[in-house]
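Notes for the structure review
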Amino acid sequence: MTHTLRILSFALLVIWTSACAGPPIPHEPDVIDVALPAPADRVKTAVMQILTEGGYDVDRKDDESLTTGYRDEISGPWDCLLRWRFGTGRSRVEAMVTSASEQSSRLRLNVLYEGKDGIFTRWEDSPTALPQSAENQLRLIKNALQIL
């Protein structure tokens, strides 16, 4: 390769890799903190049920805290490769259930959502997709607890 061709190739590479770079778009964290008219044990059971049915693996950190790994977005033999390379969104949830009284409890849900838009981009914080949003998770939990 000639010296000019090397410089031109390097300049094109720099322009190509930085063309889509930009500052991240700020968004509000997806957190809900509510009081529920149900005992803490029932709420924990409902949270674990809803998150498990939603594709999350739920881990119990302690008596009050529940965390999940990333949600299984795609099912198939190539799901890891697709999610790593081509995936557009992934989410995980942190939940804290505390007892307020004998018949009521407080639930704090935090949904952490990351997105990417191509093979050569990295995962970045993004606005939560509606099906995985904290508000939708709360709606499903209230339905499981039969709370209107």
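Here, every reference points to the structure presented above.
Scope of this entry: the structure provided in the associated data block. (Residues numbered from 1 in each chain as written. Predicted model: local features only at pLDDT ≥ 70, side-chain atom pairs only at ≥ 80, totals over all residues. Heavy atoms only, no water.)

**Comments concerning the packing of aromatic side chains**
For the record, the criterion: Only Phe, Tyr and Trp rings are paired, with Trp represented by its six-membered ring, and only when their centres lie within 6.5 Å; those with planes under 30 degrees apart are stacked, over 60 edge-to-face, the remainder tilted. Two limits define a charge over a ring: the Lys NZ or Arg CZ must be within 6 Å of the ring centre, and within 35 degrees of the ring normal.
The tally for this structure, following the rule as stated, stands at zero aromatic pairs. Over the ring of Tyr70 we find Arg90, and its NZ or CZ is 4.2 Å from the ring centre.

**Concerning the side chain of Thr67**
Filter applied, for reference: Helix and strand assignments come from DSSP, with helices taken as H or I runs of at least 4 residues and strands as E runs of at least 2, each series counted from the N terminus. Should any heavy atoms of two residues lie within 4.5 Å, those residues are counted as being in contact.
Relative to the assigned elements, Thr67 resides in strand β3 (residues 65-68). If we skip the residues at most four places from it in the chain, Thr67 touches Asp57, Val58, Asp59, Lys61, Val93 and Glu94.

**With respect to the nonpolar core**
As a rule of thumb, nonpolar side chains are buried together in soluble globular proteins. Definition in use: Nine residue types can take part in a nonpolar core, namely buried Ala, Val, Leu, Ile, Met, Phe, Trp, Tyr and Cys, and a core is a set of them joined through side-chain atoms within 4.5 Å. Think of it in three bands: with a 1.4 Å probe and only protein chains considered, a residue is buried below 20% of the maximum accessible area for its type, exposed above 50%, and partly exposed in between.
Ranked by internal contacts, the top residues of the largest apolar core, which has 24 residues, are Leu36, Val43, Val47, Leu107, Leu109, Ile141 and Leu145. Only β1 (30-36), α2 (40-53), β4 (89-101), β5 (104-115) and α4 (134-145) provide two or more residues apiece to this core. When residues in this core are grouped by element, the largest group, six residues, is from α2. Here Val47 is in contact with Leu66, Ala95, Leu107 and Ile141, once residues within four sequence places are set aside.

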